[in-house]
Amino acid sequence: MAQQKIIQTAGRDALGEFAPEFARLNDDVLFGEVWSRNHLLSLRDRSLITVVALMSQGITDSSLLHHLQNAKKNGITRTEIAEIITHAAFYAGWPKAWATFRLAKDVWNEEADNADNTADAGARAQFQREMIFPIGEPNTAYAQYFIGNSYLAPLSSEQVIVSNVTFEPRCRNNWHVHKATKGGGQMLIGVAGRGWYQEEGKAAVEILPGTVIHIPANVKHWHGAAADSWFAHLAFSVPGENTENVWLAPVTDEQYDQLETIIKN
Ligand code: MN
């Protein structure tokens, strides 16, 4: 493999002012010199060593995610990473393998044949670390009522039904109504990222972590992510009589883009 100098700016980006010497050692020595000696050891091998070293210490945070993405970029295949983690599990510890697999699965996910999907998986994993509730599974059951990809994690199925709903940027649900003859409606509480709630005929309301939204029964509305942010909210189904969700037309790009323009100006 031709020698290729690694350009790294993460140290200076994150710690350039606070710890300039650490930033220099990180960017110029660790990456600029050691990682760049790829005539002695390939980038693929260095990735393999680094992933196992981080996993062994149980450092399963953003640095491991970064190095897993790097490992994929440096040619480690999905089959190989599964074998590497399995092998290391016996020496490093079983729970550390589980934690590493959780990240690796996203990086080498099935649809990750193109760079976009890899970036999505990375962004999703990144977003997961911002919140205490799980992202859950792709929201396939309701996908027909959403534009974009959403994810659903049921949190409570007793007393009050509560789910955590995660939206990728620009994802939103169709206009809809939570019908009830008595009680009913829905409450949302922002968990992470930034999103919108809009009732028909009213201005959209921004939802940030901690924002509480009360949606009366029989009111037409939609909710979803901002254009530039992942978003998650808890959704509480308020108990009522003869409750039913009625799904209506999608929120068009025109409506959605106009909303962002209005808010920004
Ligand atoms: Mn709703």
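Structural notes, computed from the coordinates. (Residues numbered from 1 in each chain as written. Predicted model: local features only at pLDDT ≥ 70, side-chain atom pairs only at ≥ 80, totals over all residues. Heavy atoms only, no water.)

1. What to know about the packing of aromatic side chains
Pairs of aromatic rings are described using the distance from one ring centre to the other and the angle between the two planes.
Part 1: This model, assessed by the stated rule, comprises 11 aromatic pairs.
Part 2: Both rings, one in tyrosine 142 and one in tyrosine 145, keep their centres 6.4 Å apart while their planes meet at 50 degrees; by these two values the pair is tilted.
Part 3: Every member of this aromatic cluster is reached through a ring pair, and the members are Tyr142, Tyr145, Phe146, Phe167, Phe231 and Trp247.
Part 4: If you follow arginine 172 out to its NZ or CZ, it ends over the ring of tyrosine 256, 4.4 Å from the centre.
Part 5: Lying across the ring of tryptophan 175, lysine 220 places its NZ or CZ 5.6 Å from the centre. (Phe/Tyr/Trp six-rings, centres within 6.5 Å; stacked < 30°, edge-to-face > 60°. Lys NZ or Arg CZ within 6 Å of the ring centre and 35° of its normal.)

2. Quick look at the coordination of the manganese ion
Part 1: At 2.2 to 2.3 Å from the manganese ion lie its protein donor atoms, namely His176 (NE2), His178 (NE2), Gln186 (OE1), His221 (NE2) and His223 (NE2).
Part 2: For the manganese ion, the donor residues sit on a single chain with the sequence spacing H-x1-H-x7-Q-x34-H-x1-H. One end of the pair, histidine 176, is in strand β6 (residues 176-179); the other, histidine 223, is in strand β12 (residues 221-225), with 47 residues separating them in the sequence. Each member of the pair, histidine 176 as well as histidine 223, carries the same accessibility label: buried. (Donors = N, O, S within 2.8 Å, 3.2 Å for Na, K, Ca; no water. Helix = DSSP H or I, 4+ residues; strand = E, 2+ residues; numbered from the N terminus. Buried < 20%, exposed > 50% of the residue type's maximum accessible area, 1.4 Å probe, protein only.)

3. Side note on the sheet that holds strand β11 (residues 212-215)
Where strands meet in a sheet, backbone hydrogen bonds hold them as pairs that are either parallel or antiparallel.
Part 1: As summarised here, the arrangement of the six strands in space is β1-β3-β4-β13-β8-β11, forming an open sheet in which the pairing is antiparallel. Edge positions in the sheet fall to β1 (137-138) and β11, since each has one partner strand and no second.
Part 2: Sheet topology note: the strand β3 (residues 150-156)/strand β4 (residues 161-167) ladder contains six bridges and is antiparallel. For alanine 153, the partnering residue across the bridge sits in β4 and is asparagine 164. (Pairing = 2+ DSSP bridges.)

4. Description of the packing of helix α5 (residues 78-92) against helix α6 (residues 94-107)
Part 1: At a minimum axis separation of 7 Å, α5 and α6 run at an interaxial angle of 160 degrees. With respect to each other, α5 and α6 are oriented roughly antiparallel. Seen along the crossing, α5 lies across α6 with a hand that is right-handed. Of the residues in α6, those touching α5 at Ile81, Ala82, Ile85, Thr86, Ala89, Phe90 and Ala92 are Trp94, Lys96, Ala97, Thr100, Phe101 and Ala104.
Part 2: When the residues that make up the contact of α5 with α6 are grouped by side-chain class, the tally is 10 nonpolar, two polar and one charged. (Axes fitted to C-alpha atoms, helices over the stretch in contact; angles between N-to-C directions. Parallel < 35°, antiparallel > 145°, perpendicular 65-115°, else oblique. Left-handed = near helix turned anticlockwise from the far one by under 90°. Contact = heavy atoms within 4.5 Å. Nonpolar A, V, L, I, M, F, W, Y, C, P; charged D, E, K, R; others polar.)

5. Looking at unusual backbone geometry
Part 1: Backbone geometry at glutamine 159 places phi at a positive 55 degrees, although glycine is not the residue there.
Part 2: Along the chain, glutamine 159 turns up in the loop between β3 and β4.
Part 3: The residue asparagine 242 is not glycine, and still its phi comes out positive at about 50 degrees.
Part 4: With respect to the element layout, asparagine 242 can be found in the loop between β14 (240-241) and β15 (244-247).
Part 5: The exposure class of asparagine 242 is exposed, given its relative accessible area of 59%.

6. Remarks on a nonpolar patch on the surface
Part 1: On the surface, Phe90, Tyr91, Trp94 and Trp98 cluster together into a nonpolar patch covering about 660 Å² of accessible area.
Part 2: Among the elements of the structure, α5 and α6 are those that each provide at least two residues to the nonpolar patch. (Patch = residues over 30% accessible without salt bridge, like charges linked within 9 Å, V, L, I, M, F, W, Y side chains within 5 Å. Areas by Shrake-Rupley, 256 points an atom, 1.4 Å probe, with all protein chains shown as cover. Salt bridge = Lys/Arg side-chain N within 4 Å of Asp/Glu carboxyl O.)

7. Here's the deal with helix α2 (residues 20-35)
Residues three or four positions apart in an α-helix share a direction because the helix packs 3.6 residues into each turn.
Part 1: Its maximal kink placed at valine 29, α2 deviates by approximately 25 degrees.
Part 2: Burial in α2 covers these residues: Ala23, Asn26, Asp27, Phe31, Gly32 and Trp35.
Part 3: Elements in contact with the buried residues of α2: α1 (10-15), α3 (43-57) and α4 (62-73). (Bend = angle between axes of the 7 residues up to and from the residue.)

8. Observations concerning the pattern of salt bridges
Two side chains that carry opposite charge are able to pair once their charged atoms sit near each other.
Part 1: One pass over the structure, following the stated rule, counts 13 salt bridges.
Part 2: Arginine 44 serves as the salt-bridge partner of aspartate 45, at 3.5 Å between the closest nitrogen and oxygen.
Part 3: Its salt-bridge partner being glutamate 199, residue lysine 202 comes within 3.1 Å of it at the nearest N-O pair.
Part 4: Overall, the relative accessible area of 14% leaves glutamate 199 in the buried class.
Part 5: Members of the salt-bridge network, linked through shared partners, are Arg170, Arg172, Asp253 and Asp257.

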